[in-house]
Amino acid sequence: MTTRAPSAGAQTPDVVQGPQGVPTVPGAVPVGGRPDPRPMSRRGEILYFALRTKKVIIGLTIIAVFLVLALIGPIIRPGDPDALIGPLGASPSADWWFGTTSFGQDIFAQFVYSLGSTFLVGALGGGIAAIIGMTVGFVAGYRGGWIDEVLNMITNVVLVIPTLALLLVAAAYLSARGVVVEALFIGFTSWPWAARAIRAQTFSLRSREFVNLARMSGVKGLRIVFGEIAPNMSSYLFLTFILLFGGAILIAATLDFIGLGPTSGSSLGLMMYDAVAWSALQLGLWWWFIPPGVAITAIVGALYITNVGLDEVFNPKLRNT
Amino acid sequence: MLTLERVSKTYKVGLFGGTDLAAVRDVSFSLQPGEVISLIGESGSGKSTIGKMILRLLAVNGGAITHDGTDIATLRGSALRSYYRTVQGVFQDPFSSFNPIFKADHVFGLIRGVYFGSASTAEWERKLNDALEAVTLDPGQVLHKYPHQLSGGQLQRLLIARALLLDTRYLVADEIISMLDASTRIDVLNLLGDLKARGLGILFITHDLSLGNYISERTVILRRGRIVEMGATAAVFGQPLHPYTRMLIASVPRLHEKWGQIDAGVRAGSGWAPAPGERCLFHAAVPDGGAAADLAGLAGSGLAELEAGHFVGCVAPTADGTCGGRSASAA
Ligand SMILES: Nc1ncnc2c1ncn2[C@@H]1O[C@H](COP(=O)(O)OP(=O)(O)O)[C@@H](O)[C@H]1O
Ligand SMILES: [Mg+2]
């Protein structure tokens with residue numbers, strides 16, 4: 001346990017720092033120096049720069065590799081990943097790519113199935129939290145006044161409800177919990193900090209003159225939020241989503257690891273939980289706990305790298321200097 | 001006609017909005033098409049607050065702003081959109097008026113979406129080119145560029161072109177040249193002259209007395225949120241009635257400088273204050289402090305009309321409407 005949990009936390013910064021020294025923003029793009037002088041749409045332009053920023057490419061590639069693995073893995077290894085079909089505690093080999101557990105379960109099969117549920121928890125939990133957090137943050141920050149105060153109160157209430165306590169209660173009442181239930185729990189409890197951050201950003205952007213100019217152009221409030229304010233913080237919103245996505249994965253892994261995870265299905269955290277529960281560390285079965293630990297670290301780290309790169313893509317000023 | 005009737009604005013400041021800051025108090029004046037009024041006051045006197053209230057970006061706390069008789073606070077939906085067809089503003093900082101992540105022509109895209117939905121692309125481009133020509137901008141040089149690739153003068157002219165695209169009748173110009181360099185200042189200033197010739201009413205907000213004198217027919221002098229003097233520019237600058245105005249004018253030719261320095265000088269003595277024994281023309285004309293109801297519809301606004309169209313406020317107004325300067329003169 002002591003080896004794995006810190007490894008997930010401690011490796012992340014290294015992964016982020018590594019590529020930061022890599023020169024990015026290809027070509028600084030002198031204005032008019034591009035061969036194609038046609039005006040580009042904003043979306044096309046973002047894509048253009050995104051695909052030329054190393055950090056973005058590296059981050060997305062890592063995520064894509066794991067995503068592909070999660071998608072095609074179950075096809076390569078069909079059947080129940082927990083079936084006791086192999087030799088007991090075998091090290092990785094041509095037959096058993098990631099080795100087997102001390103019960104003879106195929107760790108590669110467990111790994112690829114768990115990747116799928118990890119992405120599900122991240123996307124669903126992070127997605128729900130992002131939607132709630134952004135809605136609350138935008139409305140509170142843009143409207144202000146009593147609406148802001150009410151939303152602030154709700155945010156604070158949710159903020160002080162510990163996810164863990166809620167899950168302990170839920171664990172007592174729900175005898176069967178799936179991955180989706182876990183993701184919903186995480187989604188509905190992890191949005192408050194995002195709401196606060198987005199509220200603060202919205203609040204500071206709202207008083208900028210260009211928001212006034214949009215108002216004087218007869219643009220409605222909702223369109224000002226999504227057309228003027230939100231695009232100004234797109235990298236910020238993306239960072240928020242990434243943090244929520246990665247956070248959901250880490251929270252899920254933690255919950256699984258301490259035994260509050262799904263009672264059915266598999267996940268990277270459950271794999272580590274099993275490995276520890278069955279003394280994989282003491283028995284030297286490193287192939288049991290290394291893959292899930294590395295995968296969690298790599299996925300969360302790749303999300304961070306992508307975000308750092310996207311900051312340059314979204315901000316035209318950073319591009320030119 | 002745009003009319004302000006005893007308009008007041010109080011900001012909630014301090015921790016939990018516990019303190020009230022009276023930024024604008026009992027301000028009344030009106031703006032006609034084809035007329036330039038300069039609203040002059042030192043920094044913090046409430047000029048921008050007045051401009052923002054006229055543009056309905058801030059709500060008034062007291063009094064009312066009416067446009068051709070309609071209280072603008074009541075405007076919603078399409079009525080508000082048509083108000084913005086008529087009344088527009090340009091602000092001090094051109095770079096902050098443009099959304100930095102969009103190209104500068106985004107400001108035209110916004111009004112196209114709202115006001116010119118039915119216009120064909122060719123028709124729209126013709127209108128746009130006309131407007132840009134009117135502000136002496138070359139479309140090829142300014143369109144499809146990011147704000148940070150353009151100069152402040154170009155950006156301000158883009159914003160004026162934007163106002164021209166709409167059927168703007170009244171323009172609030174809040175210190176629009178104070179952040180431009182000297183060479184572009186005069187161009188933008190002359191552009192305002194062209195707009196006036198087209199029949200626009202312009203509220204020219206400035207802290208620069210000589211600019212106000214140069215461009216406007218009427219002048220409103222603001223101090224700490226109150227009008228201290230108002231009238232034809234020639235009268236206000238030629239025969240100032242209020243000691244504050246006299247002090248301002250006296251300091252201009254001598255320093256031939258901007259307000260920063262004047263303010264600093266004034267502030268050195270804990271702010272301008274009327275000299276002891278200074279006669280209050282307002283209270284001399286309205287001994288009961290303005291309860292009289294027949295002062296050209298300005299009852300209670302703290303202004304007395306001493307000459308035709310030339311108004312003056314109290315020398316040292318106090319919260320209860322009495323004259324803080326009078327006791328000094330009596331003593
Ligand atoms: N949003 C705000 N919140 C609180 N106080 C404000 C706000 N805007 C302006 N003020 C205060 O109101 C007064 C008038 O400000 P303003 O209208 O910007 O003056 P001016 O444009 O003449 O410099 C100042 O004391 C300023 O500090
Ligand atoms: Mg101002």
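Above: the structure in question.
*Asks:* What should I look at first to understand empty space enclosed by the protein in this one?
*Replies:* To locate leftover empty space, one rolls a probe as large as a water molecule over the atoms. All names here are of chain A. Using the criterion set out here, one finds 2 cavities of 30 Å³ or more in the structure. Quantified by volume, the largest cavity comes out at close to 80 Å³. Taken together, 14 residues line the largest cavity, and the ones lying closest to its centre are Thr118, Ile249, Ala252, Asp256 and Ser267. Looking at the lining of the largest cavity, the elements with two or more residues in it are helix H4 (107-143), helix H7 (179-189), helix H11 (234-257) and helix H12 (268-277).

*Asks:* Please explain the packing of aromatic side chains as it appears in this structure.
*Replies:* Two descriptors summarise a pair of aromatic rings, namely the distance from one centre to the other and the angle between the planes of the rings. Applying the stated rule across the entire model yields 10 aromatic pairs over all chains. Between Tyr83(B) and Tyr84(B), the aromatic rings sit 5.9 Å apart at their centres with planes inclined by 50°, giving tilted as the arrangement. The two residues Tyr83(B) and Tyr84(B) agree in class, both being buried. Aromatic pair Phe116(B) and Trp124(B): ring centres 5.2 Å apart, planes at 55°, arrangement tilted. As far as the burial class goes, Phe116(B) and Trp124(B) line up, both buried. By way of ring pairs, the aromatic residues Trp97(A), Phe98(A), Phe108(A) and Phe111(A) are connected into one cluster. Cation over ring: Arg52(A) sits above Tyr48(A), and NZ or CZ is 4.0 Å from the ring centre. Sitting over the face of the ring of Phe116(B), Arg85(B) holds its NZ or CZ atom 5.4 Å from the ring centroid.

*Asks:* How should the side chain of Asp105(B) be read in this particular structure?
*Replies:* Residues and elements named next belong to chain B. With respect to the helices and strands, the residue Asp105 is situated in the loop between helix H3 (94-97) and helix H4 (106-115). Although Asp105 lies buried, it forms no salt bridge, and the closest oppositely charged side chain, Lys103, sits 7.0 Å away as judged by the N-O distance. Not counting residues within four places of it along the chain, the set of residues in contact with Asp105 comprises Leu143 and His144.

*Asks:* What is the right way to look at the interface of chain A and chain B in this model?
*Replies:* Interface size is often expressed as the accessible area that is lost when the parts come together. Contacts between the two partners involve 27 residues from chain A and, on the opposite side, 29 residues from chain B. Together, the buried faces of chain A and chain B total about 2400 Å²; carbon and sulfur atoms form 58% of this surface. Together, Glu209(A), Leu213(A) and Met216(A) form the three largest contributors to the area buried by chain A at its contact with chain B, with a combined 28%. For the interface between chain A and chain B, the tally reads 1 salt bridge. Among the ionic pairs, Glu209(A) bridges to Lys52(B), the shortest N-O distance being 3.6 Å. Summed over the shared surface of chain A and chain B, the result is 9 residue pairs in polar contact (both at pLDDT 80 or more). For the side of chain A that touches chain B, the secondary-structure elements that each account for two or more residues are helix H2 (42-50), helix H9 (209-215), helix H10 (221-232) and helix H15 (316-320) of chain A. When residues of the side of chain A that touches chain B are assigned to their parent elements, the largest contribution, 6 residues, is made by H9(A). Along the lines of polarity and charge, the residues of the side of chain A that touches chain B split into 11 nonpolar, 6 polar and 10 charged.

*Asks:* Hey, could you run me through the site of ligand 1 in this one?
*Replies:* Residue and element names in this part refer to chain B. The local shell around ligand 1 consists of Tyr11, Val13, Leu21, Ala23, Glu42, Ser43, Gly44, Ser45, Gly46, Lys47, Ser48 and Thr49. At 3.3 Å from an oxygen atom of ligand 1 is found a main-chain nitrogen or oxygen belonging to Ser45. Here an oxygen atom of ligand 1 sits 2.8 Å away from a polar atom, N or O, in the side chain of Lys47. Protein chains bury 61% of the 560 Å² of accessible surface belonging to ligand 1 in isolation. With 3 residues, the single largest contributor to the shell around ligand 1 is helix H1 (residues 47-54). Tallied by class, the residues present in the shell around ligand 1 amount to 4 nonpolar, 6 polar and 2 charged.

Conventions adopted
- Residues numbered from 1 in each chain as written.
- Chains lettered and ligands numbered in written order.
- Predicted model: local features only at pLDDT ≥ 70, side-chain atom pairs only at ≥ 80, totals over all residues.
- Heavy atoms only, no water.
- 1 Å grid on protein atoms, 1.4 Å probe; cavity = no way out; pocket = protein on both sides within 12 Å on 5 of 7 lines; lining within 4 Å.
- Points joined across faces, edges and corners; volume = space filled by probe spheres on them.
- Helix = DSSP H or I, 4+ residues; strand = E, 2+ residues; numbered from the N terminus.
- Phe/Tyr/Trp six-rings, centres within 6.5 Å; stacked < 30°, edge-to-face > 60°.
- Buried < 20%, exposed > 50% of the residue type's maximum accessible area, 1.4 Å probe, protein only.
- Lys NZ or Arg CZ within 6 Å of the ring centre and 35° of its normal.
- Lys, Arg positive; Asp, Glu negative; His and termini not counted.
- Salt bridge = Lys/Arg side-chain N within 4 Å of Asp/Glu carboxyl O.
- Contact = heavy atoms within 4.5 Å.
- Buried area = accessible area lost by both parts, 1.4 Å probe.
- Polar contact = N/O pair within 3.5 Å; in protein donor to acceptor, adjacent residues only side chain to side chain.
- Nonpolar A, V, L, I, M, F, W, Y, C, P; charged D, E, K, R; others polar.
- Near = heavy atom within 4 Å.
- Areas by Shrake-Rupley, 256 points an atom, 1.4 Å probe, with all protein chains shown as cover.

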